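Close look at the chain arrangement
Given next are the chains, with one letter for each unit.
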Amino acid sequence: MPDRLIAETPFVRRARRSNRRVRLFCFPHAGAGASAFAAWPDLFPPEVEIVAVQLPGREDRVGEPHPASVDVAVRMVAVALRPYLQGPYAFFGHSGGALLAFELARALRKRDTQPGHLFLSGQSAPGHEAAAPELHRLSDDDFSAALRSLDGTSDGVFTDPGLMKLLLPTLRADFALWENHRPRPGQPLSVPLTALGGDTDPRAPVSGLRAWEEQTTGAFSVEVFPGGHFYLNDSAAELAASLGGTLLGREPAYAGRGGRNR
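Let me begin by describing the structure that accompanies this report. Predicted model, so just to flag it, every value in this text is computed and none were measured.

Thresholds applied
Residues numbered from 1 in each chain as written. Predicted model: local features only at pLDDT ≥ 70, side-chain atom pairs only at ≥ 80, totals over all residues. Heavy atoms only, no water. Salt bridge = Lys/Arg side-chain N within 4 Å of Asp/Glu carboxyl O. Helix = DSSP H or I, 4+ residues; strand = E, 2+ residues; numbered from the N terminus. Buried < 20%, exposed > 50% of the residue type's maximum accessible area, 1.4 Å probe, protein only. Pairing = 2+ DSSP bridges. Expected span 1.5 Å × (residues − 1). Core = buried A, V, L, I, M, F, W, Y, C linked by side-chain atoms within 4.5 Å. Contact = heavy atoms within 4.5 Å.

A few words on the pattern of salt bridges. If you walk through the whole model with that rule in mind, you get nine salt bridges. A salt bridge links aspartate 60 to arginine 13; the shortest N-O distance between them is 2.9 Å. Placement of aspartate 60 in the loop between β4 (48-53) and α2 (70-81) and of arginine 13 in strand β2 (residues 12-14) is noted, with a sequence separation of 47 residues between them. For glutamate 49, the salt bridge goes to arginine 14, with nearest N and O atoms at 3.1 Å. With glutamate 49 in strand β4 and arginine 14 in strand β2, this pair connects stretches of sequence that are 35 residues apart. The pair formed by glutamate 49 and arginine 14 is uniform in burial state, with each residue classed as buried.

This is how it looks when you write it as structure tokens:
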């Protein structure tokens with residue numbers, strides 16, 4: 001029977017592992033929920049326990065108020081994850097989820113705990129974002145078209161007017177959350193950091209990925225996979241092999257273009 005992510009708290013969806021060596025907390029992209037990582041438990045070695053984070057306003061929490069700011073979201077998640085930050089753990093975040101993972105790591109530093117590794121995917125480093133229109137300010141039609149062009153949402157969603165009416169407020173609020181966020185200057189982290197992305201992603205070009213090196217004094221690497229902003233949908237097995245190898249101290253099974261450096 002496949003491993004499943006089970007809801008343990010409003011924020012936590014966990015696939016328990018009896019022989020866990022490390023927990024990997026996963027933060028989805030704007031508008032998405034924990035189901036973005038539903039297939040991950042089966043892709044990782046049994047020693048890696050997948051914990052997907054479910055934010056208010058998403059999926060089964062669609063009726064709950066959306067966080068008013070990134071600071072509020074970070075505080076909420078930090079409290080919710082506190083019981084789970086026992087033993088070795090790491091963060092993976094994609095797009096807006098990468099920024100949440102980064103800001104959470106910075107907040108946890110004040111509480112004397114840090115992830116053993118930070119994997120930031122599909123997101124340029126602060127101050128190095130590619131020029132792009134603010135999607136949350138677009139009309140509904142233009143906003144939907146922009147989302148569709150990112151190729152991360154099923155076509156069936158866009159052809160279902162009722163579903164789109166339900167999802168648009170959450171999607172727009174999420175994009176507003178991250179597009180209005182301006183990270184505060186601060187000391188670099190000291191944790192190992194891997195920046196990941198697709199080789200044809202205009203929202204997170206390789207130059208923007210490499211700029212994450214400024215945000216840590218720890219080991220740094222960049223991994224580039226074939227594909228665009230949602231490269232991870234087509235390269236899930238290769239991505240899991242790379243992350244799992246890194247987390248368990250094994251030679252990664254996938255060495256992405258762009259190099260594993262420093």
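Let us look at the pairing of strand β3 (residues 22-27). Most of β3 is tucked away: six of the six residues are buried. A two-sided burial pattern is seen for β3, the buried positions comprising Val22, Leu24 and Cys26 on one face and Arg23, Phe25 and Phe27 on the other. Pairing of β3 with β4, which is carried by five bridges, proceeds in the parallel orientation. Across the sheet, the residue bridging to arginine 23 is glutamate 49, located in β4. As defined by bridge partners, β3 adjoins strand β5 (residues 89-94) across five bridges and the pair is classed as parallel. Within β5, the position partnered with arginine 23 by the bridge is tyrosine 89.

Attention now goes to helix α3 (residues 96-109). Here α3 spans 20 Å end to end across 14 residues, near enough to the 20 Å set by a 1.5 Å rise per residue. Along α3, the positions that sit buried rather than exposed are Gly96, Gly97, Ala98, Leu99, Leu100, Ala101, Phe102, Glu103, Leu104, Ala105, Arg106 and Leu108.

Our focus in this paragraph is the nonpolar core. The biggest cluster of nonpolar side chains holds 42 residues, and the ones touching the most others in it are Phe25, Phe27, Leu81, Phe91, Leu104, Leu118 and Trp212. By residue number, the principal contributor to this core is α3, which donates eight residues. Not counting chain neighbours up to four residues away, the residues in contact with phenylalanine 25 comprise Val51, Leu81, Tyr84, Leu85, Tyr89, Ala90, Phe91 and Phe92. In this structure, Ala15, Cys26, Leu232 and Leu247 belong to the second largest nonpolar core, which totals 25 residues.

Honestly, that's just the spatial picture; any functional story needs more than this.
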